[in-house]
Amino acid sequence: MLSLGLSGMCFTGSDIGGFEWYTSGAPSFELWTRWSQLGAISPFMHTQTGGKGFGPKTKMLDFPDGVWMWRRSAKLHNALFPYWYSLAFECRSHGIPLLRHHIIEFPGDATAIGRDYQFTIGPSLLSSPVIVPGQKSKSVYLPNDHSGTTKWLQLLPGATYDEETGMYRMNASLVHHGGEEAQLNDLRLEDSPLFLRSGSIVPLMDPRIDTLNAALNSSVVSFSELSHRRFGWSFLDDLGGASADLFDGSRVSVSCASGSCTATASYPSALAAQCAGQKPQWILQIPLHSAPTSVVVDGAPSAAAASWREAAFGDGAAGTHFHDADHSVLWLRFSHSAAYREE
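None of these values were measured; they are calculated from a predicted model.

(A) The side chain of Ser124, seen in detail. Inspection of the secondary structure assignment puts Ser124 in the loop between strand S6 (119-121) and strand S7 (125-127). The class of Ser124 is buried, set by a relative accessible area of 7%. Within the structure, the side chain of Ser124 is placed 3.2 Å from the side chain of Ser200, a separation counted as a polar contact. If sequence neighbours within four positions are ignored, Ser124 has contacts with Tyr83, Trp152, Phe195, Leu196, Arg197, Ser200 and Val202.

Structural data, given as structure tokens:
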């Protein structure tokens, strides 16, 4: 997939499970799992249940833990939808692939360029999938850019997966410096290494959304119902800032210094109509080891929530935060009329 990206093909992926199996037998549960994890961080994710080979083909959902494992990967892939779409717009404008060999993002880091089995997803995420059967440990090289100040937050393994919603809750204790090897041990089958670059905000979809299409069943949550709620993983740079620009022209930024955090967002005026008249909201996870003394959103103080779940999914007034001491993460939900801009 990386070679295709370097050749000018922006959108790549694979048939999870393969199509023919004449040399190694039908896919095992481990292979299905590792392949679905690769699919989760690929532009498109789908299984291939057809094909031919020696004996009947297995299906991931036939295994006892198949649904549980597939849901973890599918929730991650779907959550990244706003990021995928933003990268797709960049691809359309500049021809830059969504999955990027390190020579694209880090042309001056020879060690990174020599690593063939890790890559970045856009500029902000780095993936190093597990590709060796039974592998319990691996070393991941984390690139450094020209500034020499790049840091990487280890999202996976490390984040807590919330079974109820499919939310991945960040853990801020796992920070690595660019130019160093991250040694990962005791990897479980559900672990697929993923890192977040400093200075970045990766926009995410509300994890409760089940489908991007119109729901045909009242129990299924469609994108249109919660499109006004935008989540994000953020990781501050050495100056205490992080930001992101999205495909629809909206922008979000956060800065923290001297015990105070400030967040701002701007949206095209047309976005309100796309959100069924509801004011767009951001729900950010911001790694902070200590609770800030003040949180300001577009010049107004933010109210404290009782839990991370209330901050993430509550329906109260905009400008709400909660510091999760167990994960060293500040949750911040905000939406202000001052954030709108006319075009």
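(B) Representation of the environment of Glu225 in the model. Tracing the backbone shows Glu225 in helix H7 (residues 223-226). The partly exposed category is assigned to Glu225, whose relative accessible area is 40%. Separated by 10 residues in the primary sequence, Glu225 and Ala215 have C-alpha atoms spaced 9.7 Å apart. Here the side chain of Glu225 touches Ser222 through a polar contact of 2.9 Å, landing on its backbone nitrogen.

(C) The pattern of salt bridges, seen in detail. Scanning the model with the defined rule gives 15 salt bridges in all. Ionic pairing is found between Asp191 and Arg188, a salt bridge with its closest N-O pair at 2.9 Å. Where Asp245 meets Arg251, a salt bridge forms, and the shortest distance between an N and an O atom there is 2.8 Å. For Asp245, a relative accessible area of 53% puts it in the exposed group. Several salt bridges share partner residues, and in doing so they unite Glu90, Arg100, Glu105, Asp145 and Arg197 into one network.

(D) Main features of the state of the cysteines. Within this structure, the stated rule accounts for 2 disulfides. The residue that forms a disulfide with Cys10 is Cys91, at a sulfur-sulfur distance of 2.1 Å. Across the disulfide from Cys10 to Cys91, rotation about the S-S bond amounts to roughly 105 degrees, and the bridge is consequently right-handed. Here Cys10 is found in the loop between helix H1 (2-6) and strand S1 (15-16), whereas its partner Cys91 is found in helix H4 (residues 81-94), with 81 residues between them in sequence. With respect to class, Cys10 is no different from Cys91; both count as buried. One disulfide bridge connects Cys256 with Cys261, the sulfur atoms lying 2.2 Å from each other. A torsion of 115 degrees about the S-S bond marks the disulfide between Cys256 and Cys261 as right-handed. The buried category is assigned to Cys256, whose relative accessible area is 12%. Its relative accessible area of 1% is what places Cys261 among the buried residues.

(E) Region of interest: helix H3 (residues 66-79). Its 14 residues give H3 an end-to-end C-alpha distance of 20 Å, which sits within 8% of 20 Å, the value for a rise of 1.5 Å per residue. The complete set of buried residues in H3 reads Gly66, Met69, Arg72, Ser73, Ala74, Lys75, Leu76, His77 and Ala79.

(F) Seen up close, a nonpolar patch on the surface. Among the surface-exposed residues, Leu6, Ile103 and Ile104 lie close enough to one another that they form a single nonpolar patch of about 230 Å² accessible area. Here Leu6 lies in helix H1.

(G) Highlighting the packing of H3 against H4. Put simply, H3 and H4 touch, their axes get as near as 5 Å, and they point 50 degrees apart. Relative to H4, H3 is oriented oblique. On H4, the residues that touch His77, Asn78 and Ala79 of H3 are Phe81, Pro82 and Trp84. The residue inventory of the contact of H3 with H4, partitioned by class, reads 4 nonpolar, 2 polar and no charged.

How each quantity is defined
The numbering scheme is per chain: residues are counted from 1 as the chain's sequence reads. Per-residue local features of the predicted model are confined to residues with pLDDT of at least 70, and side-chain atom pairs are confined, for both listing and counting, to 80 or more; whole-chain, interface and lining totals are unaffected and use all residues. To get the side-chain values, take all heavy atoms of the structure and skip hydrogens and water. Numbering of helices and strands starts at the N terminus; helices are DSSP runs of H or I of at least 4 residues and strands are runs of E of at least 2. Exposed residues in this analysis have more than 50% of their type's maximum accessible area, buried residues have under 20%, and partly exposed residues fall in between, with area computed by a 1.4 Å probe over protein chains only. Pairs of N or O atoms are called polar contacts if they sit within 3.5 Å, as long as, within protein, a hydrogen donor faces a hydrogen acceptor (for residues adjacent in sequence, only side-chain-to-side-chain pairs). By the convention used here, residues are in contact when the closest approach between their heavy atoms is within 4.5 Å. Here, a salt bridge means any side-chain nitrogen of Lys or Arg that lies within 4 Å of a carboxyl oxygen of Asp or Glu. By disulfide we mean two sulfur atoms from cysteines, separated by a distance within 2.5 Å. To estimate the expected span of a helix, subtract one from its residue number and multiply by 1.5 Å. Patch members must show over 30% relative accessible area and no salt bridge, and they are joined within 9 Å when carrying like charges or within 5 Å when they are nonpolar side chains of Val, Leu, Ile, Met, Phe, Trp or Tyr. For accessible areas, the Shrake-Rupley method is used with a probe of radius 1.4 Å. Any residue's cover is judged against the shown protein chains and nothing else. Axes, fitted as lines to C-alpha atoms, cover a helix only where it is in contact. Angles between the N-to-C directions of the axes lie from 0 to 180 degrees. Any angle from 65 to 115 degrees is called roughly perpendicular, while one under 35 is roughly parallel, one over 145 is roughly antiparallel, and all others are oblique. Nonpolar residues are Ala, Val, Leu, Ile, Met, Phe, Trp, Tyr, Cys and Pro. Charged residues are Asp, Glu, Lys and Arg, and all others, Gly as well, are polar.

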